[in-house]
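Descriptive structure summary
The chain contents come next:
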Amino acid sequence: MTHTLPLPDFRHERVEVTTGRRSGLVITVALHSSTLGSALGGARLWRYPHWSDAMGDALRLSAAMTLKNAAAGLDAGGGKSVIALGPEETLDADQRRAAFLDLGDAVSAFDGLYRTAEDVGSTTDDMLVVSERTPHVVGLPSSVGGSGEPAGPTSRGVYAALRATLERATGSGDVAGRRITISGLGQVGSRLAVRLSDEGAVLTVTDVNPAKLSLAAELGATWVEPGTEHLVPADVFVPAGIGGVLTDEVIDVLAAGAVCGPANNPLADRSGAERLAGRGILYTPDFVANAGGVIYLDIEAKHPGHGDEIARRIDGIGDTVRRLFDEASARGITPLEAAEAYAAERLSAGTRVPASV
């Protein structure tokens, strides 16, 4: 499902939109900021009504990556790449390989100012193809000595953020007996659902892929039709699919006490943060909650083998969320504004400082 979202203010350092010479697909590489270092952000392969929608997605996602990497305390800027498919388009194996070779050429043109990785619709094997054309790629398969799939670290960070969110919203971070709705059972959503189920959460789940029904049954979770999940009473609503799901219309009837999830840009409009606050719904900014993957990829690429440090930093996302809630409460602003201010402070300094996570 693709949601048309408003374009962000254009403050990007560089944006390249090209037609792949092998695949014929439109590829956008958006470098939003390299103030804190070489930009890091994944490569999305997705279907869009028009190539310009894919470009808009790259602009929004790259800007969000700048905030994410800054708030995570990384010496990394923000960027994103998007390979656009038509609404009904599919790729066979040869076409897919051609697309990611073309992406490698597009990334190479940035001379190291942007590093790519897997994202929605792409895999670590796709990144191996990209690496044939550029060294500026992270998250290669573990079978070739790469850091592998970052969904596990992302899920771990979201779990830490969710516990901090529950703590503020309900008085306890324990998930046992809590009603949690997960919208999207992809790599991260599925991992999170398994962990929450193991710890006794009462789960409601959905996904646009009906094959995920089997996972719901396995976990003893309640399955609802996509597009109705926000109406189910919950302690926490977890957006874990494509962005833009929290429209004004959805927020106005959202039956949850809090929102915390891994989906990038879940708010259809930035004003949605105020709208949620007006309804007394606690909102954990997505770019803070879902930073576990980039923390893992960035540190593992620069300092291989520092697993304990990576785990500490990812688990520390919960403490970052708590500090942002405190700051928002003290200043009478939304948690989103508090998180943006924190990221902006690092960016305005323009220096690479020790992480606070």
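Note that the coordinates shown come from a computational prediction; the quantities given were computed from them, not determined experimentally.

Our next topic: the side chain of Thr-181. Its place among the elements puts Thr-181 in strand β7 (residues 179-183). With relative accessibility at 1%, the residue Thr-181 sits in the buried group. Beyond its immediate sequence surroundings of up to four residues, Thr-181 is in contact with Thr-204, Glu-229, Val-232, Ala-234, Val-236, Phe-237 and Val-238.

With respect to the helices, strands and loops of the structure, Leu-67 is situated in helix α1 (residues 51-71). The sequence separation of Leu-67 and Leu-347 amounts to 280 residues, and the corresponding C-alpha distance is 8.9 Å. Setting aside residues up to four positions removed in sequence, Leu-67 forms contacts with Phe-287, Glu-340 and Ala-343.

Tracing the chain through its elements places Thr-284 in the loop between β12 (282-283) and α9 (286-289). Side chain to side chain, Thr-284 and Thr-165 meet in a polar contact 2.6 Å long. Excluding residues that lie within four positions of it along the chain, Thr-284 makes contacts with Ala-161, Thr-165, Val-259, Cys-260, Ala-289, Val-321 and Phe-325.

A few words now on unusual backbone geometry. Trans peptide bonds make up the majority, and among non-glycine residues the majority have a negative phi. With phi around 50°, Asp-111 is a residue other than glycine that occupies positive phi space. In this fold, Asp-111 is placed in the loop between α2 (93-108) and β6 (114-115).

The next subject is the nonpolar core. Leu-162, Ile-182, Leu-196 and Leu-203 are the most contacted members of the largest nonpolar core, which totals 71 residues. Counting residues per element, this core draws most heavily on helix α4 (residues 151-170), which supplies six residues. When near neighbours in sequence (up to four residues on either side) are disregarded, Leu-196 contacts Tyr-159, Leu-162, Val-175, Ile-180, Ile-182, Ala-201 and Leu-203. Judged by nonpolar contacts, the second largest core, of 22 residues, contains Ile-27, Ala-106, Val-107 and Met-127.

Cut-offs used in this document
- Residues numbered from 1 in each chain as written.
- Predicted model: local features only at pLDDT ≥ 70, side-chain atom pairs only at ≥ 80, totals over all residues.
- Heavy atoms only, no water.
- Helix = DSSP H or I, 4+ residues; strand = E, 2+ residues; numbered from the N terminus.
- Buried < 20%, exposed > 50% of the residue type's maximum accessible area, 1.4 Å probe, protein only.
- Contact = heavy atoms within 4.5 Å.
- Polar contact = N/O pair within 3.5 Å; in protein donor to acceptor, adjacent residues only side chain to side chain.
- Core = buried A, V, L, I, M, F, W, Y, C linked by side-chain atoms within 4.5 Å.

Everything listed here is a matter of geometry and, on its own, says nothing about what the molecule does.
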